Amino acid sequence: MRSWLPALLTFASLLGAGCSEAEDPAAPEPVEVPEFNKQWTPSSERSRQARREVAPQLIRDLRDKGLEYGAPVFIRIFKQEEVLELWVKGEEQYELFRKYPIAKMSGVLGPKLEEGDYQAPEGFYSVKPAQMNPNSQFHLSFNLGYPNAYDRAHDRTGSALMIHGNRMSLGCFAMTDAKVEEIYTLCDVALRKGQPAFQVHSFPFRMTKENMRKHRNSKWFPFWRNLKEGYDWFEEKGTPPDVKVKEKRYVFGEAGS
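Residues numbered from 1 in each chain as written. Predicted model: local features only at pLDDT ≥ 70, side-chain atom pairs only at ≥ 80, totals over all residues. Heavy atoms only, no water.

Trainee: In this structure, what is going on with helix 4 (residues 177-193)? I would like to understand it.
Mentor: Since the α-helix turns once every 3.6 residues, residues separated by three or four places project in the same direction. Taking 1.5 Å per residue as the helical rise, helix 4 with its 17 residues ought to reach 24 Å, and the 24 Å between its terminal C-alpha atoms agrees with that figure. Here helix 4 lies mainly inside the structure; 13 of its 17 residues are buried. A positive phi of about 130° marks Gly194, the residue just after helix 4. (Helix = DSSP H or I, 4+ residues; strand = E, 2+ residues; numbered from the N terminus. Expected span 1.5 Å × (residues − 1). Buried < 20%, exposed > 50% of the residue type's maximum accessible area, 1.4 Å probe, protein only.)

Encoded structure:
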C-alpha cells in the first residue's frame, strides 16, 4: 500500500495544478460582443474577423474608462507629434480613449494643395458609412473626404486621402494593420449603432499659444489661426463643433444648430 502512496500524491498534485491553471483568476473574463445594424455600413470577412479579434479587449478597456462599445467617436490628428487620438462619447462629453502613434505620414507641416504633392491634409473632415472601406489594399481604411468644402473653395485638389493600415503613405495616415483594426472597429460599430458620421480633425501640431508663437512666421499662420478656433472649441466644450464653411473660412457652432 505504501509503495503506491508517492505515485498517488504525484497524480493528485498534477490534477490540482491542472485545475488551478484552468481557473486562473488572471485570465480575462469572456465578454459578449453586441452587434449593431441601425444603419448600413459596408462590411467584409476581413472587417468582421478584425472585429471578432479586437472587440472583446476593446470592450474591457472601454468599461475600465466608463465608456460604452458602440458609442459615438471622434478623431484628432497631430502631424508634428505624429499621433492620432481616438475619443469616445461619455455621458456628457467625449473622453480620450486611446492615443495611437502614426506609423507613416508623408509631406511637411501645412495643408494639402494639389493631387500628387504627397501632403497629408489639415482641416476638418467628416466620415460617413459609405467612406468606410473594409476591402482596402491597405488592410482596412476610411476616406477622410478630402477635398472638403473649404478645400474646394481654395481650389485644392486630391483624392483618396485615408486613414489605413500598413506602413506606407503618399498623403495618407498609415497606422499599421494591428492598430487600424482597433480604430476601424470602433468607428465602424459607432456608425452601425447610429452615429450619422464621425469627425476627423487634422492639425499641424497641438494648437497651444506656445506652438502658435513658434510658428507665427509661417505662411500658413492665418490658416492655422482659423484651425485653432475649432481646436479651442473642442478643448473648451469637450464635444466636436458643427463645422461649416463661409466666405472661404471655417466657422463653428453647436452641433445640430
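Anyway, onward from the coordinates.
Trainee: When you look at the pattern of salt bridges in this model, what are you seeing that I'm missing?
Mentor: Working definition: two side chains of opposite charge can pair if their charged atoms are close together. For the structure shown, the criterion picks out 19 salt bridges. Taking the shortest distance from any N to any O, the salt bridge between Arg52 and Glu45 comes out at 2.5 Å. On the basis of relative accessible area, Glu45 is assigned to the partly exposed category, the value being 44%. Here the residues in one salt-bridge network are Glu35, Arg51, Asp188 and Arg192, joined through shared partners. (Salt bridge = Lys/Arg side-chain N within 4 Å of Asp/Glu carboxyl O.)

Trainee: How do you make sense of the sheet that holds strand 6 (residues 132-133) when you look at a structure like this?
Mentor: Sheet strands associate in pairs through backbone hydrogen bonding, adopting either a parallel or an antiparallel arrangement. Taken together, 5 strands build an open sheet; the order of strands is 4-9-8-7-6 and the sheet is mixed. Two strands in the sheet have a free side with no partner beyond their single neighbour: strand 4 (104-105) and strand 6. Both strand 8 (residues 162-164) and strand 9 (residues 173-174) contribute to a ladder of 2 bridges, which runs parallel. Its bridge partner lying in strand 9, His164 is registered against Ala174. (Pairing = 2+ DSSP bridges.)

Trainee: Help me out: how do you make sense of the packing of helix 2 (residues 45-64) against helix 4 in this one?
Mentor: Relative orientation and spacing of two packed helices are given, respectively, by the angle between their axes and the distance between those axes. The contact between helix 2 and helix 4 brings their axes to 9 Å, and the two run at 85°. In terms of orientation, helix 2 and helix 4 fall into the roughly perpendicular class. Only Glu181, Glu182, Tyr184, Thr185, Leu186, Asp188, Val189 and Arg192 of helix 4 make contact with helix 2, whose side of the interface consists of Ser47, Ala50, Arg51, Glu53, Val54, Leu58 and Leu62. For the contact of helix 2 with helix 4, a count of residues per class yields 7 nonpolar, 2 polar and 6 charged. (Axes fitted to C-alpha atoms, helices over the stretch in contact; angles between N-to-C directions. Parallel < 35°, antiparallel > 145°, perpendicular 65-115°, else oblique. Contact = heavy atoms within 4.5 Å. Nonpolar A, V, L, I, M, F, W, Y, C, P; charged D, E, K, R; others polar.)

Trainee: Explain the packing of aromatic side chains here, please?
Mentor: All chains considered together, the criterion is met by 17 aromatic pairs. Look at Phe78 and Phe203: their rings are 5.7 Å apart centre to centre, the planes differ by 20°, and that puts the pair in the stacked class. In this pair, Phe78 is assigned in strand 1 (residues 73-78) and Phe203 in strand 10 (residues 198-203), connecting sequence segments 125 residues apart. A relative accessible area of 1% means that Phe203 is categorised as buried. Connected via pairs of aromatic rings, a cluster forms that spans Phe78, Phe124, Tyr150, Phe203, Trp220, Phe223, Tyr231, Tyr250 and Phe252. We note Arg156 situated over the ring of Phe223; from NZ or CZ to the ring centre the distance is 5.1 Å. Above the plane of the ring of Phe78 lies Arg206, whose end atom (NZ or CZ) is 4.1 Å from the centre. (Phe/Tyr/Trp six-rings, centres within 6.5 Å; stacked < 30°, edge-to-face > 60°. Lys NZ or Arg CZ within 6 Å of the ring centre and 35° of its normal.)

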